[in-house]
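Take a look at the letters that make up each chain.
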Amino acid sequence: MRSYIKLYGPSIDRGLEALDKLMKEITKVYPYGEAIERIISIVDPSIDLKTGKSIRGGREVIGEYDYVVEWANTPTLEQLRSLIRKIDEALLYTGCRYTITTKEE
C-alpha cells in the first residue's frame, strides 16, 4: 500500500522543507516507522528519505503527488492517523495545506 501526499500553498517551499525534515526522521519520531518500507520525495525522487539510499527508477513513482510513503504491510487505521498527526504538526506553522490518499497499488 502507498500513501500519497500532495502539498498546496501558500508556502509550498516551507511545506517541502518541513516534510523533508519529518520524513528523514520518521523512524525516530513516528511510532510505526518500522511499518514504512520507503519514502520518496518529488524534490529528489531517486533517494529514499527513510534510509538515504538510492532508488532505481524513482521518477516513475512520482507524478501528481509530492511524497509517496510505501508501507511494508497494510497499515492499520491507527498507523495512518498517527502519520496524519505527524504531518499536521510538521506543517502547522508553514501555512501549507495537504491531502493524503492511501490506496493499494
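These remarks concern the structure in this document.

1. As for the environment of Glu-25
Relative to the assigned elements, Glu-25 resides in the loop between helix H1 (12–24) and helix H2 (26–29). Residue classification places Glu-25 among the partly exposed positions, given a relative accessible area of 34%. Separated by 26 residues in sequence, Glu-25 and Thr-51 have C-alpha atoms that sit 9.7 Å apart.

2. Points about the packing of aromatic side chains
Evaluation of the coordinates by the stated rule reveals one aromatic pair. Between Tyr-4 and Tyr-65, the aromatic rings sit 4.7 Å apart at their centres with planes inclined by 35 degrees, giving tilted as the arrangement. Of this pair, Tyr-4 sits in strand E1 (residues 2–8) while Tyr-65 sits in the loop between strand E2 (36–41) and strand E3 (67–71), placing them 61 residues apart in sequence. The exposure class of Tyr-65 is buried, given its relative accessible area of 16%.

Calculation notes
- Residues numbered from 1 in each chain as written.
- Predicted model: local features only at pLDDT ≥ 70, side-chain atom pairs only at ≥ 80, totals over all residues.
- Heavy atoms only, no water.
- Helix = DSSP H or I, 4+ residues; strand = E, 2+ residues; numbered from the N terminus.
- Buried < 20%, exposed > 50% of the residue type's maximum accessible area, 1.4 Å probe, protein only.
- Phe/Tyr/Trp six-rings, centres within 6.5 Å; stacked < 30°, edge-to-face > 60°.

Geometric values such as these leave the question of function open.
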